[in-house]
Amino acid sequence: MAMQRTHALSFKILAECSTTKARASLMKLPHATVDTPVFMPVGTQGTLKGLVPDQLRELDCRIILGNTYHLGHRPGPELLEKAGGLHEFMQWDRALLTDSGGFQMVSLLKLAEITEEGVKFQSPHDSSEMMLTPEHSIHIQNKIGADIIMQLDDVVHSCVTGPRVEEAMYRTIRWLDRCMKAHGRPHDQNLFPIVQGGLYPELRKKCAEELTKRDVPGFAIGGLSGGESKDEFWKIVNISTDYLPKEKPRYLMGVGFAVDLVVCVALGCDMFDCVFPTRTARFGNALTPTGTLILHRPEFAEDFQPIEKGCPCSTCKNYTRAYLHGIVENEPVSCSLLTIHNVAYQLRLMRAMHQSIVEDAFPEFIQDFFDKLYPSADYPQWAIDALASVNVHLKKS
Amino acid sequence: MRFSLRSVSHCGCRVGTLSCTRAVNDGENKEVETPLCTLYTKKGSAPYLSVDMLKRIEKLPHIANMHLSSLADYTEALNKFQHGVGQFTALQDFLVYISVHDTGIEIPSGYNTKAGTAVWNKAGKKLIEPQQFVKCQEAFRPTFYQALSDSDTDKNSGKKRAMKAVDRTLDFLDTILELHKKSERLRDVGVFGSVEGGFHEEARMRSARETAARNVDGFVIEGFYAQNEKNKQIDVEEIKDLCNKVFKILPEEKPRLMHAVWSPDQVVMALELGIDVFDSCYPWLVTERGGALVFSFQYHNNSENEREARSTDGFEISLKDKSMFEDFGAPVPGCSCYTCQNFTRSYIHHLLNTSELLAPVLLMIHNFHHYFEFFESLRSSLKTDQFLKLKTLILEQRPSQEPPK
């Protein structure tokens, strides 16, 4: 049994849903207290696509993500250290989470090779051979200074099958131990392990059990939200949360769309991140409770409503769909305007879930959410199945 | 709308007051001091800036300059909307002036016809005729507009082209004034006539005389540069003589407006010429190349020491410069704008290096702030008879070479 350390995080469950596995909690981090379930917008390169930190504070965003791969490249860990850490550099005084850099490395670089030592890759600058080891990833993340940092994991594409998946799962556990040993700031940065195991329930179970033996402040569920089917996806999420301790936060990486968020909260996840809302904003799409508005479409040319009636964000307070219709895809300010709204939408969704769990009215919330999004009750089958597994039976009104 | 010329200094600068009725909603009267610059916009919004970000800039101009070229697409929607383009673009706190073209873009030459003028936006070319033009303005409901004109001339234009531009512009103006008179919706809206003629004196004089004879509320002086050379900066020295002759003919109690890439040195020289209203396209262009305006306009402090302390060559610094990588100072030390108060050179350099959208957002805020403060200091220097001090200070800071594109 690993030695007990004082963690830089405290997690208090305020309420548990009496029907599903959902929880509403309070997570205290060095830079902010975060209500969970929480959605973390992704600010890849130390900025959230055209928004200043003040705007995020106005939306009451408490935690955002930065990507170690990108930041490690530009401006680089030395510069960030000199600047006093990423918080200081980008003037964000609330919580930050960084990933390990491993995922981007494998997905973005052509010649990435996984060895026991680490991830071998060709430098994008000068094609020289480089190595990202668990130790190196942690050192970079220590310099960036996020409240939550991620272990370097051996992440395998969700559609890969065979012995490679098991190999990656065991290596991930070994790399966690190396990460923990290398971690220079356990007093103010929380290192999360990542449950791997592909789409194999037994591997997921084994991995979760092993990771639970380590004294860590929380857990992430990785290796999903790739190309796997939704049916497989929810089952693996469900197994993962079944085998993770209740009293620590569960971070489901790379999720996502509103439907996925609602279902995975019901399955017991607390934290989420995804580029989708900010990325789709840049393509001129606005997220609403009744669906996505593809604003360049002619139907919006004379629509003088805001994106979402009742949305308190500055975009909805000041601009109409008709005006936005004319500027999406041709004026850069439209990116900022839609990003604000989409982030507001995601955060309000999470806040509503938190509140309904506290009031033990989460199943009603779920039904209402699905009714708004699917007025003809053509709910996706996987969602029906997933919710049924936690005792929520979607009905046609 | 009304203009009162309060004074003309011995160097030729005019100080005045523009009194406008906001045509929509409240009919409230607003008094604005000249010389002034308008707020540059792109399709109705300050470039890169949502209205909540724009409002973080103090000393915003009272007048927003929007362009027919980009707003024409919104005509039908605005007709249905009925509350005017100010409210539609969330800039209802501003007076709105609609010019024909966007000063900051390239306009291909040779597409105007006798029937109308070609305006350009991201979708391409639109030929606008006077009748359609008035319909657009009725939908836009601005505070005042520039009547449709043919400004497709430059110093290489032949006399025939120059005369054609003059004649067509007058023709359009007459049609527009006729329709304007009959329009209920344009009742309190001002109309500016455009003085054309390229560099041909005869054409210019004819244009000035004839336009002055019409019932317009002010004059747009144009047709010197055809906007077919990207970002060509104006050279007041080149047009000084012609402008002086034109201004002798134009009534002095009507404002003169000129669109150009107004770098600070050209502004001070144009003020002596007698221009009252400028646009703020220049700070946007500086933003586009990753620059931050640094030029000093503190004419009280222009001592020898101050001159030596100024290390920069020119009006701006480039945040793209490698020296900015590890510089944790403010973009422009001492600047009170939102950007300089909150972010470092190193951070903005990083944002530029990674092509992040936040870079131009932050630079636009600084550059607008700096430029608007400059105009504030121009006005105060004129009121206290210190304009020549400010002019000297500005001209001293002229760059030794053109800034990079």
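Residues numbered from 1 in each chain as written. Chains lettered and ligands numbered in written order. Predicted model: local features only at pLDDT ≥ 70, side-chain atom pairs only at ≥ 80, totals over all residues. Heavy atoms only, no water.

### Considering the interface of chain A and chain B
Note the cut-off: Note on contacts: a residue pair is in contact if any heavy atoms of the two residues lie within 4.5 Å. By buried area we mean how much accessible surface two parts lose on assembly, using a 1.4 Å probe and totalling the loss over both. The rule for a salt bridge is simple: a side-chain nitrogen of Lys or Arg has to be within 4 Å of a carboxyl oxygen of Asp or Glu. Any pair of N or O atoms that falls within 3.5 Å is considered a polar contact. Within protein, one atom must be able to donate a hydrogen and the other to accept it, and sequence-neighbouring residues count only if both atoms are side-chain atoms. Just so you know the grouping, Ala, Val, Leu, Ile, Met, Phe, Trp, Tyr, Cys and Pro go in nonpolar, Asp, Glu, Lys and Arg go in charged, and all remaining residues, Gly too, go in polar.
On the side of chain B, 37 residues touch chain A, which itself brings 38 residues to the contact. Summed over both sides, the interface between chain A and chain B buries roughly 3400 Å², with carbon and sulfur atoms accounting for 59% of that surface. Here chain A and chain B share six salt bridges between them. Of the charged contacts, one joins B:Lys80 and A:Glu302 as a salt bridge, the two residues approaching to 2.8 Å between their closest N and O atoms. Scanning the region where chain A abuts chain B turns up 17 residue pairs in polar contact (both at pLDDT 80 or more). Its residues assigned to classes, the side of chain A that touches chain B shows 19 nonpolar, 12 polar and seven charged.

### Describing helix α15 (residues 387-396) of chain B
Because each turn of an α-helix spans 3.6 residues, side chains separated by three or four positions in sequence point in the same direction. Residue and element names in this part refer to chain B. Worth spelling out the cut-off: Note on classification: 1.4 Å probe, protein chains only; a residue is buried when its accessible area is under 20% of the maximum for its type, exposed when over 50%, partly exposed between these limits. Put simply, DSSP marks the helices as runs of H or I at least four residues long and the strands as runs of E at least two long, and each gets a number from the N terminus on. Note that the arc is computed from the directions linking the helix axis to the C-beta atoms.
Phe 387, Leu 390, Lys 391, Leu 393 and Ile 394 are the residues of α15 that are buried. One side of α15 carries all its buried residues, which in axial view fall inside an arc of 165°. In the core, the buried residues of α15 are packed alongside α9 (264-273) and α14 (358-383).

### Focus on the environment of B:Val236
Residues and elements named next belong to chain B. Relative to the assigned elements, Val 236 resides in helix α8 (residues 236-249). Judged by its relative accessible area of 1%, Val 236 falls in the buried class. Leave out the neighbours within four places in its chain, and Val 236 touches Trp 262, Gln 266, Met 269, Ala 270 and Leu 273.

### A short note on the pattern of salt bridges
All names here are of chain A. Applying the stated criterion across every chain yields a total of 52 salt bridges over all chains. Put simply, Lys 206 and Glu 210 hold a salt bridge, and the shortest N to O gap is 3.6 Å. Of this pair, Lys 206 and Glu 210 both sit in helix α8 (residues 201-213), separated by four residues, roughly a single helical turn. The exposure class assigned to Lys 206 is partly exposed, which follows from its relative accessible area of 31%. When its relative accessible area of 15% is taken as the criterion, Glu 210 is described as buried. Ionic contacts of the salt-bridge type, sharing partners, join the residues Glu 116, Asp 154, Arg 164, Glu 167, Arg 171 and Arg 174 into one network.

### With respect to the sheet that holds strand β1 (residues 10-16) of chain A
Residue and element names in this part refer to chain A. We count it as follows: Strands were regarded as paired on the criterion that DSSP finds at least two bridges between them. Working convention: axes come from line fits to C-alpha atoms, limited for helices to the stretch in contact. Angles between N-to-C directions cover 0 to 180 degrees.
The antiparallel open sheet is built from three strands, whose spatial order is β1-β2-β3. The strands lining the two open edges of the sheet, one partner per strand, are β1 and β3 (33-36). Strand-to-strand twist of the sheet, defined as the mean angle between neighbouring strand axes without regard to direction, takes the value 15°. As judged from the six bridges shared by β1 and strand β2 (residues 23-28), these two strands associate in the antiparallel manner. Bridged to Glu 16 within β2 is Arg 23. This element, helix α14 (residues 333-358), spans β1, β2 and β3 of the sheet and lies at about 115° to β2.

### What about the confidence of the model for chain B?
Formally: Note on scores: pLDDT gives the predictor's confidence for each residue, bounded by 0 and 100.
In this model, chain B carries an average pLDDT of 93, and 94% of its residues clear a pLDDT of 70 or more. Two summary scores accompany this predicted model of the complex, namely pTM at 0.96 and ipTM at 0.95.

### Some remarks on the packing of aromatic side chains
The cut-off we apply is this: Any Phe, Tyr or Trp ring, taking Trp's six-membered ring, that has another such ring centre within 6.5 Å forms a pair; planes under 30 degrees apart are called stacked, those over 60 apart edge-to-face, and the others tilted. When the NZ atom of lysine or the CZ atom of arginine is within 6 Å of a ring's centre and also within 35 degrees of its normal, the charge is said to sit over that ring.
Scanning the entire structure with this criterion turns up 36 aromatic pairs over all chains. Ring centres 5.9 Å apart and planes at 65° place the aromatic pair B:Phe295 and B:Phe297 in the edge-to-face group. For the pair B:Phe295 and B:Phe297, one class covers both residues: buried. Relative to B:Phe372, the ring of B:Phe368 has its centre 5.1 Å away and its plane inclined at 15°; by these criteria the two rings are stacked. Here B:Phe372 and B:Phe368 lie together in helix α14, a separation of four residues that amounts to about one turn. For the pair B:Phe368 and B:Phe372, one class covers both residues: buried. Ring pairs connect the aromatic residues B:Trp262, B:Phe278, B:Tyr282, B:Phe295, B:Phe297, B:Phe315, B:Tyr371, B:Phe374 and B:Phe375, which therefore count as one cluster. Its guanidinium or amino end placed over the ring of A:Phe233, A:Lys230 lies 5.5 Å from that ring's centre, counting from NZ or CZ.

### Some words on the environment of A:Leu26
All names here are of chain A. Secondary-structure assignment places Leu 26 in strand β2. Along the backbone, Leu 26 and Lys 12 are 14 residues apart, and their C-alpha atoms lie at a distance of 5.2 Å. The contact partners of Leu 26, leaving out residues within four places of it in the chain, are Ser 10, Phe 11, Lys 12, Leu 14, Thr 33, Val 34 and Asp 35.

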